[in-house]
Amino acid sequence: MSKIDPMILRVRDVVKNYGGLCAVAGASLDIPRRTTIALVGPNGCGKTSLLKTIFGLQRADEGSIYFEGESIDELQPNEVFDRGIVHAFQFPRLFNQMSVLDNMLIAARGNRGDRFAGSLFSRKKWREQEETMLQKATDTLKLMDLTRLTNEPAGSLSGGQKKLLEISRAIMAEPKLLLLDEPAAGVNPVLAKKIFEKIEMFRHGGMSLLIIEHRMELVMEFANWVYVMDRGKIVLEGRPAEVAASPLFYEIYIGGEPGGTDICVS
Amino acid sequence: MTYGLLMNLLDMVVMIGIYSIAAISLNLEYGFTGLSNFGKVAFFMVGAYTYAILAQAGVNFGVCMVASAVSAAAFGFLVSLPALRLREDYLAIVTLTSGEILRTIIQNQGIGGGYNGISITQIFHFQTLMAIRLANIGLAFAFLGICFIFSQLVANSPYGRIMRAIREDQTAAQSYGKNIQRYKSQVFIMGSAIAGIGGALFAQYSAHIEPGSFLPFLTFTIWMMVMLGGPGNNLGVILGAAVVQIFQKSAAILKDYVHLPVDPINVQYILFGILIILVLFYRPSGLLKESPVKPPKLKEPVNV
Ligand SMILES: Nc1ncnc2c1ncn2[C@@H]1O[C@H](COP(=O)(O)OP(=O)(O)O)[C@@H](O)[C@H]1O
Ligand SMILES: [Mg+2]
């Protein structure tokens, strides 16, 4: 595959087993550049496992993953990050004793002071760099309504605020491809919509997105394409409206009929 | 104040300087980066023996000091290779045993005088003990100053922020592009080098070292200094070193001056236990709290 791959990410027949449990059973998907792809499916169907495998947090047992045309199967998460993928955890993993601001600054790329020699001998340079990074961090925090908490320890935030910080931190890292695991879980519906609107703004900056999301109204509004996962396999894909209208989707998702219970397809 | 008491006090101050260096070294590893090194005494010992053997061979003081730091750093690098790849609790075990193994080897292979140890000519040749002790205070605190400034510069930089991030959640740090293996290895090397400097000063001051000078209790003492003073705070761990040292030495001094029905050394252990329990209960973050990485100045103030 060449560098001008129209797909920023290709996942091919990925299998991930945990002992005897097959969490991902041969999943394939493509993410075109500058699109938002939603990955939906019932709890425990393997969505998080697939995302972690893509990011290199765990090794696939079979299959391959290509980012911008190059295989990233063997890379460690920090190397995957260096290529341009950023992953926001389903359950926020913040640096709890560190301030909200420090959590943001950690995510900034290319700081000369990140290296041992640079931290001692390029002090002037990294101080300049940190000024720019600080500006970006405060702007992002402002957008996410976290300004007030800038100097608070991240561990003191509420559940919803932690989720917001997890996403802000990911955005701070300027990903080419952002992997978001249930960004709206645990936050109220109004805020959830706001989060998606904000993410959408960043997508206009050229970012691609793979989002795991349960709330179909958000998927309908923001996703360009939907993959439906069931028992470790991709069983259905299509435009949001097509997927939402599919009887198969209802069958696997809630075991019911279109128009049933709590799924909103307006 | 009697002359003897004064000499004891000066001795205590020298040892506070030397222990503070060891505490700063452990603080880089444990306080900032969360690496549980339970073999601190091993790196201290490598520095001490390197100094002693070279000084004995007539090598000049500056070279001896550099060599002590470098050899301890090299030993730290070697230990870090297997240890940092293992789970955290294994790091504690590997470091703990490395100290014991090293001590046993020195003792049984006759290195540096084997069981009997090695005597070192001191660098200060003044007429009075007082002048020698004062000079040693100056020497220890000069090196402490260098180690402190170095440690502060590293800890309060973006590099130090990454050290803390690794301590908080290493998977998250790795997910943000940090090569945690490299960072941990570097911190271990830095910490070992500083411990080596402390060990060299200890050898120089003691004028005689032997394997029995480097028992695991020394590691335990350094840990107490860090826990008591405040992990993640360089000033705090110096304060911790002072408190612990005053505690230990005053019991020994007391023994010569007061006649108690019990041995003050034993009383000291009991009081120490109580002190640690009190600190853990009422000030789990140590006497001084961790100071955050100073953020660069904002161009415009944050609207609160
Ligand atoms: N680290 C793990 N070890 C063992 N089993 C796991 C692990 N992570 C997930 N699983 C199991 O794999 C299946 C898929 O989990 P997950 O990918 O988290 O699902 P989803 O994100 O779709 O809800 C579940 O049955 C879950 O219990
Ligand atoms: Mg999940």
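Provided above is the structure to which this section pertains.
Starting afresh in each chain, residues are numbered from 1 along the sequence in its written order. Chain letters and ligand numbers both follow the written order, the letters beginning at A and the numbers at 1. Only residues with pLDDT of 70 or above have their local features reported here, since the model is predicted, and side-chain atom pairs are shown and tallied only from 80 upward, although totals for entire chains, interfaces and linings are computed over all residues. As a convention, hydrogens and water are excluded, and side-chain values are obtained from all of the structure's heavy atoms.

1. A short note on the site of ligand 1
All names here are of chain A. Around ligand 1, the neighbouring residues are Tyr18, Leu21, Ala23, Asn43, Gly44, Cys45, Gly46, Lys47, Thr48 and Ser49. Residue cysteine 45 places a main-chain N or O atom 3.3 Å away from an oxygen atom belonging to ligand 1. By the criterion applied in these results, polar contacts are pairs of N or O atoms within 3.5 Å in which, for protein atoms, one can donate a hydrogen and the other can accept it, and in which residues neighboring in sequence qualify only through two side-chain atoms. A distance of 3.1 Å separates an oxygen atom of ligand 1 from a polar backbone atom of glycine 46. Methods summary: accessible areas were calculated by the Shrake-Rupley approach with a probe of 1.4 Å, and residue burial reflects only the protein chains presented. When ligand 1 sits alone it has 560 Å² of accessible area, and the protein chains cover 58% of it. Only DSSP runs of H or I with at least four residues qualify as helices, and only runs of E with at least two residues qualify as strands; both kinds are numbered from the N terminus onward. If one sorts the elements of the shell around ligand 1 by residue count, helix H1 (residues 47–55) sits on top with three residues. One heavy atom within 4 Å of a molecule or strand makes the whole residue count as near it.

2. Quick notes on the coordination of the magnesium ion (ligand 2)
The rule for donors is simple: N, O or S, within 2.8 Å of the metal, or within 3.2 Å if the metal is Na, K or Ca. Water isn't counted, so a site may look like it is missing partners. Within the protein, Thr48 of chain A (OG1) and Gln90 of chain A (OE1) serve as the donor atoms for the magnesium ion (ligand 2), at 2.0 to 2.3 Å. Separated by 42 residues along the polypeptide, threonine 48 of chain A in helix H1 and glutamine 90 of chain A in the loop between strand E6 (85–88) and helix H3 (100–106) bring together distant segments of the chain.

3. Some thoughts on the packing of helix H5 (residues 129–155) of chain B against helix H10 (residues 234–257) of chain B
Axis angle and axis distance: for two packed helices, these are the angle between their axes and the distance between the axes, and together they describe the pair. All names here are of chain B. Convention adopted: a line fitted to C-alpha atoms gives each axis, helices being fitted over their contacting stretch, and angles between N-to-C directions are expressed from 0 to 180 degrees. Axis separation between H5 and H10 bottoms out at 10 Å; the angle between their running directions is 145°. Contact residues: Leu144, Phe148, Ser151 and Gln152 in H5; Asn234, Leu235 and Ile238 in H10. Residues are grouped as follows: Ala, Val, Leu, Ile, Met, Phe, Trp, Tyr, Cys and Pro are nonpolar; Asp, Glu, Lys and Arg are charged; all remaining types, including Gly, are polar. Considering only residue class, the contact of H5 with H10 consists of four nonpolar, three polar and no charged. Throughout, a residue-residue contact means that at least one pair of heavy atoms, one from each residue, lies within 4.5 Å.

4. Description of the packing of helix H2 (residues 40–56) of chain B against helix H8 (residues 180–206) of chain B
All names here are of chain B. Between H2 and H8, the least distance of the axes is 6 Å, while the angle of their chain directions is 50°. On the basis of their axis angle, the class for H2 and H8 is oblique. For the pair H2 and H8, the sense of crossing is right-handed. Where H2 abuts H8, its residues Lys40, Phe43, Phe44, Gly47, Ala48 and Tyr51 lie against Phe188, Gly191, Ser192, Ala195, Gly196, Gly198, Gly199, Ala200, Phe202, Ala203 and Gln204. Partitioning the contact of H2 with H8 into residue classes produces nine nonpolar, seven polar and one charged. Small angles under 35 degrees read as roughly parallel and large ones over 145 as roughly antiparallel, with 65 to 115 read as roughly perpendicular and the rest as oblique. Helix crossings fall into two classes, left-handed where the near helix is turned counterclockwise from the far one by less than a right angle and right-handed where it is turned clockwise.

5. Some points on the nonpolar core
Put simply, a nonpolar core is a bunch of buried Ala, Val, Leu, Ile, Met, Phe, Trp, Tyr and Cys residues held in one set by side-chain atoms that sit within 4.5 Å of each other. Only protein chains enter the accessibility calculation, which uses a 1.4 Å probe; a residue whose area is less than 20% of its type maximum is buried, one above 50% is exposed, and one in between is partly exposed. Within the largest apolar cluster, 157 residues are counted, with the highest numbers of intra-cluster contacts made by Leu9, Leu50, Ile85 and Leu165 of chain A together with Ile18, Ile209 and Phe214 of chain B. In terms of residue count, H8 of chain B provides more of this core than any other element does, 14 residues in total. The contacts of phenylalanine 214 of chain B, once residues within four sequence positions are left out, are Val41, Phe44, Met45, Ala48, Tyr49, Arg103, Phe202 and Ile209 of chain B. Val226, Phe249, Ile252 and Tyr253 of chain A belong to the second-largest nonpolar core, a separate cluster that totals 14 residues.

6. Considering empty space enclosed by the protein
Cavity and pocket criteria rest on a 1 Å grid covering protein atoms alone: a 1.4 Å probe that fits but cannot get out defines a cavity, protein on both sides within 12 Å along at least 5 of 7 lines defines an open pocket, and an atom within 4 Å of a point defines a lining residue. Grid points are joined across faces, edges and corners, and a volume is the space filled by probe spheres set on the points. Using the criterion set out here, one finds two cavities of 30 Å³ or more in the structure. Quantified by volume, the largest cavity comes out at close to 40 Å³. Thr36, Ile37, Ala38, Phe196, Ile211, Glu213, Leu218, Val219, Phe222 and Ala223 of chain A are the residues that line the largest cavity. Among the secondary structure elements, those contributing two or more residues to the lining of the largest cavity are strand E3 (36–40) and helix H8 (216–222) of chain A. Of the residues assigned to the lining of the largest cavity, the class counts are eight nonpolar, one polar and one charged. What lines the second largest cavity is Leu105, Ile106, Ala108, Asn111 and Asp114 of chain A together with Pro158, Arg161, Ile162 and Lys178 of chain B. Element by element, the count of residues in the lining of the second largest cavity is highest for helix H6 (residues 158–168) of chain B, at three residues. Split by residue class, the lining of the second largest cavity holds five nonpolar, one polar and three charged.

7. A short note on the sheet that holds strand E9 (residues 225–230) of chain A
Residues and elements named next belong to chain A. For two strands to count as paired, DSSP must find a minimum of two bridges between them. Ordered by their spatial adjacency, six strands build an open sheet running E6-E7-E8-E3-E9-E10, and the pairing between neighbours is mixed. Each having just a single partner strand, E6 and strand E10 (233–238) make up the two edges of the open sheet. For this sheet the average axis-to-axis angle between neighbouring strands, irrespective of direction, equals 20°. Judged from the five bridges that link them, strand E7 (residues 177–181) and strand E8 (residues 208–212) form a sheet pairing that is parallel. Within E8, the residue paired with leucine 179 across the bridge is leucine 210. With respect to the sheet, H1 is in contact with E3, E6, E7, E8 and E9, its orientation differing from that of E7 by roughly 150°.

8. Let's talk about the packing of aromatic side chains
Geometry of aromatic contacts follows a simple scheme: Phe, Tyr and Trp rings, the Trp one being its six-membered ring, pair when their centres are within 6.5 Å, and the pair is stacked under 30 degrees between planes, edge-to-face over 60, tilted otherwise. A full pass over the atoms with the stated rule returns 18 aromatic pairs over all chains. The interplanar angle of 50° and the centroid separation of 5.3 Å between the aromatic rings of phenylalanine 43 of chain B and phenylalanine 75 of chain B together place this pair among those described as tilted. Taken together, the residues phenylalanine 43 of chain B in helix H2 and phenylalanine 75 of chain B in helix H3 (residues 61–83) connect sequence positions 32 residues apart. Take phenylalanine 43 of chain B and phenylalanine 75 of chain B: they sit in the same class, and that class is buried. Plain terms: the ring middles of phenylalanine 124 of chain B and phenylalanine 126 of chain B are 5.8 Å apart, the flat faces sit at 15° to each other, and that makes the pair stacked. Aromatic ring contacts, followed pair by pair, group Phe116 of chain A together with Phe150, Tyr159 and Tyr183 of chain B into a single cluster. Here the basic side chain of arginine 93 of chain A rests over the ring of phenylalanine 89 of chain A, its NZ or CZ set 5.4 Å away from the ring centre. Any Lys NZ or Arg CZ that is within 6 Å of a ring centre and within 35 degrees of that ring's normal is treated as a charge sitting over the ring. Sitting over the face of the ring of phenylalanine 81 of chain A, arginine 109 of chain A holds its NZ or CZ atom 3.9 Å from the ring centroid.

9. A word on unusual backbone geometry
With glycine set apart, most residues show a phi of negative sign, and most peptide bonds adopt trans. We note that aspartate 13 of chain A has phi near 50°; this positive angle belongs to a residue other than glycine. A positive phi angle is found at glutamate 174 of chain A, which is not glycine, with a value near 45°.

10. A short note on helix H4 (residues 88–109) of chain B
Residues and elements named next belong to chain B. Helix span, expected: 1.5 Å multiplied by one less than the number of residues in the helix. In this model H4 runs 32 Å from its N-terminal to its C-terminal C-alpha over 22 residues, within 8% of the 32 Å that 1.5 Å per residue would give. Within the span of H4, buried status applies to Leu91, Ala92, Thr95, Ser98, Gly99, Leu102, Arg103 and Ile106. Taken down its axis, H4 places every buried residue within 130° of arc, on the same side. Turned more than 90 degrees off the buried face of H4, the exposed positions are Ile101, Asn108 and Gln109. Note that the arc is computed from the directions linking the helix axis to the C-beta atoms.

The quantities given are spatial measurements derived from coordinates; they are silent on function.
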